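Structural description and commentary
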Amino acid sequence: MLAAIISSIANAGSLITDKIALSREQISLKVFLPILFIFLFGFTLILVPMLGRFDTSVALLPSTLFLVFLMIILAVASNALYYEGVQKNKIHHHEIMMMLLPLFTVVLAAIFFPENFDLRIFGLAFVASLALIFAKGSKEHFFIDKDSYNTFLAVILMAAEAIVAKELLYSFSPVALYAIRTLFIAVFFIFYYQPRYSTVKLGHWWIIAGCAVIGVVTVIAQYYAYSSLGIIYTTLVAALAPIIVFLASWEILHEKIKPRVVIAAMVILACVVVATVLQFG
């Protein structure tokens, strides 16, 4: 339970810090993505000696290696599209699109992991996902430009990657899996973008490193939650992240918050409480 909550809170913070780096500081994606994943891998590598375990008898099977390859392909594509959306879209438009992620994830999880399927938890996760869409969504809000469609595609790829990651967590510990994931993505972005590191400001190195710390916490905590709680329940708790972003924008940026956002927050919190009682009661 704690891992899911940590992941949700960190996810909300991650969006805000990424937006600061890409929009306010205007760090180019050609610089941001390679350096970000170098830091992500480096910070994860620190944890590998203690927590980076995997089952060699399963991890080296052709089927497992194929899933690792598929995860990396999905991750490269979704990250490129996701961060392009963060850079070009306003934060509330981007977060509206990301609201669809829990909905797609719980549906795919119900299809691919029927052995862990609990209709009650699935129903609560589905209601929470719809509450997110109700909070801010409308037809004109969702697809306002080309970048909105790119973010939508990123959402679909992220949901698919979550399913692949859940399957791989039977063979790899969360830290080991994330280390492999970030290593290959870092290598890809380094060779694809070929950034000139000497031109990067010192302050930007620190900002990207901060984004990476939050990113490591977000994903590793999410993987631990997938392993211990299941993907549907974890996704249900993760639905709190967009609400945290909206409430933070109201409190910190003094943006006007709509009553429907408050209603959606109450619905999601109720769903999380009920699901927690069902899961651990």
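So, a few notes on the structure that sits alongside this text. (Residues numbered from 1 in each chain as written. Predicted model: local features only at pLDDT ≥ 70, side-chain atom pairs only at ≥ 80, totals over all residues. Heavy atoms only, no water.)

1. Focus: the overall build of the chain
Here is the rule we go by: Think of it this way: any DSSP run of H or I at least four residues long counts as a helix, any run of E at least two long counts as a strand, and we number them from the N terminus. Relative accessible area decides the class of each residue, using a 1.4 Å probe on protein chains only: under 20% of the type maximum gives buried, over 50% gives exposed, and in between gives partly exposed. Working rule for contacts: check all heavy atoms of both residues, and any pair within 4.5 Å makes them a contact. Only the protein chains shown count as cover for residues, with accessible areas throughout obtained via the Shrake-Rupley method and a probe of 1.4 Å.
Within the chain one finds 14 helices and zero strands. Starting at the N terminus, the α and β elements of the chain follow one another as α-α-α-α-α-α-α-α-α-α-α-α-α-α. For the chain, the residues scored as buried account for 50% of the 281 residues in total. Sequence separation of 24 or more characterises 89% of the internal contacts of the chain that already satisfy a separation of 6 or more. When the accessible area of the chain is evaluated, it comes to approximately 13400 Å², of which 72% is carbon and sulfur surface.

2. Thoughts on the nonpolar core
Convention followed: Take the buried residues of types Ala, Val, Leu, Ile, Met, Phe, Trp, Tyr and Cys, join any two whose side-chain atoms come within 4.5 Å, and each joined set is a nonpolar core.
The biggest cluster of nonpolar side chains holds 82 residues, and the ones touching the most others in it are Phe32, Leu36, Tyr223 and Leu236. In contact with Tyr223, not counting residues within four places along its chain, are Met71, Glu161, Ala165, Leu169, Pro174, Leu177, Tyr178 and Arg181.

3. Some points on empty space enclosed by the protein
Left-over empty space is what a probe sized like a water molecule reveals as it rolls over the atoms. Rule in force here: Residues are called lining when one of their atoms sits within 4 Å of a cavity or pocket point, these points coming from a 1 Å grid over the protein atoms alone, where a cavity is a set in which a 1.4 Å probe fits but cannot get out and a pocket is an open set with protein on both sides within 12 Å along at least five of seven lines. Grid points are joined across faces, edges and corners, and a volume is the space filled by probe spheres set on the points. For this classification, Asp, Glu, Lys and Arg are treated as charged, while Ala, Val, Leu, Ile, Met, Phe, Trp, Tyr, Cys and Pro are nonpolar and the rest, including Gly, are polar.
For the structure on display, the rule yields one cavity of 30 Å³ or more. If you add up the space inside the largest cavity, you get close to 800 Å³. Lining the largest cavity we find 40 residues, and of these Asn11, Leu101, Met158, Thr218 and Gln222 sit closest to its centre. In terms of residue class, the lining of the largest cavity is made up of 24 nonpolar, twelve polar and four charged.

4. Some points on the environment of Ile156
The topology assignment puts Ile156 in helix H9 (residues 146-168). Here the alpha-carbon distance between Ile156 and Leu100, two residues 56 residues apart in the chain, equals 8.6 Å.

5. Considering the pattern of salt bridges
Here is the rule we go by: Between Lys or Arg on one side and Asp or Glu on the other, a salt bridge is scored when a side-chain nitrogen of the former is within 4 Å of a carboxyl oxygen of the latter.
The final tally for this structure, using the stated rule, is three salt bridges. The partner of Arg24 in a salt bridge is Glu25, and the shortest N-O contact between them spans 3.8 Å. A relative accessible area of 63% means that Arg24 is categorised as exposed. Its salt-bridge partner being Arg120, residue Asp118 comes within 3.2 Å of it at the nearest N-O pair.

6. Re the packing of aromatic side chains
Under the convention used in this document: The rule is short: rings of Phe, Tyr and Trp, with Trp giving its six-membered ring, pair when the centres are within 6.5 Å, and they are stacked under 30 degrees, edge-to-face over 60, tilted in between. Should the NZ of a Lys or the CZ of an Arg lie within 6 Å of a ring centre and within 35 degrees of the ring normal, that charge is described as sitting over the ring.
Inspection of every chain in the model, using the stated rule, returns 15 aromatic pairs. Ring centres of Phe39 and Phe43 lie 5.8 Å apart, and the angle between their planes is 15°; this geometry places the pair in the stacked category. Here the residue Phe39 and the residue Phe43 both occupy positions in helix H2 (residues 29-51), the gap between them amounting to four residues, near one helical turn. Given the relative accessible area of 21%, Phe39 is considered partly exposed. Residue classification places Phe43 among the partly exposed positions, given a relative accessible area of 27%. We note Lys166 situated over the ring of Phe113; from NZ or CZ to the ring centre the distance is 5.4 Å.

7. Focus on the side chain of Ser7
Looking at the secondary structure, you find Ser7 in helix H1 (residues 2-24). Looking at Ser7, the relative accessible area reads 6%, which means it is buried. Excluding its chain neighbours within four sequence positions, the residues that come into contact with Ser7 are Thr218, Ala221 and Gln222.

8. Side note on H2
The cut-off we apply is this: Take the number of residues in a helix, subtract one, and multiply by 1.5 Å to get its expected span. To get the bend at a residue, fit one axis to the 7 residues ending there and another to the 7 starting there, then take the angle between the axes. Think of a polar contact as two N or O atoms within 3.5 Å of one another; within protein, one of them needs to be a possible hydrogen donor and the other a possible acceptor, and neighboring residues in sequence only count if both atoms come from side chains.
Here H2 contains 23 residues, and its C-alpha end-to-end distance of 31 Å stays within 8% of the 33 Å for a straight helix at 1.5 Å per residue. A maximum bend of about 30° is found in H2 at Leu45, where proline Pro49 lies one to four positions downstream. Its side-chain oxygen 3.1 Å from the backbone nitrogen of Lys30, Ser28 forms the N-cap of H2.

9. Comments concerning a nonpolar patch on the surface
Definition in use: Patches here are clusters of residues that have more than 30% relative accessible area and form no salt bridge, with a 9 Å joining cutoff for like charges and a 5 Å cutoff for nonpolar side chains (Val, Leu, Ile, Met, Phe, Trp, Tyr).
A surface patch of nonpolar side chains, amounting to about 330 Å² of accessible area, comprises Leu2, Ile6, Val213 and Val217. If you list the elements that add at least two residues to the nonpolar patch, you get H1 and helix H11 (202-229). Along the chain, the position of Val213 falls in helix H11. The partly exposed category is assigned to Val213, whose relative accessible area is 43%.

10. Thoughts on H11
In this model, H11 (28 residues) spans 40 Å end to end at C-alpha, consistent with the 40 Å of a helix rising 1.5 Å per residue. Of the residues one or two after H11, Gly230 is the one with positive phi, at around 95°.

11. Concerning the environment of Tyr149
Along the chain, Tyr149 falls in helix H9. A relative accessible area of 48% means that Tyr149 is categorised as partly exposed. It is 9.3 Å that separates the C-alpha atoms of Tyr149 and Gly85, two residues lying 64 residues apart in sequence.

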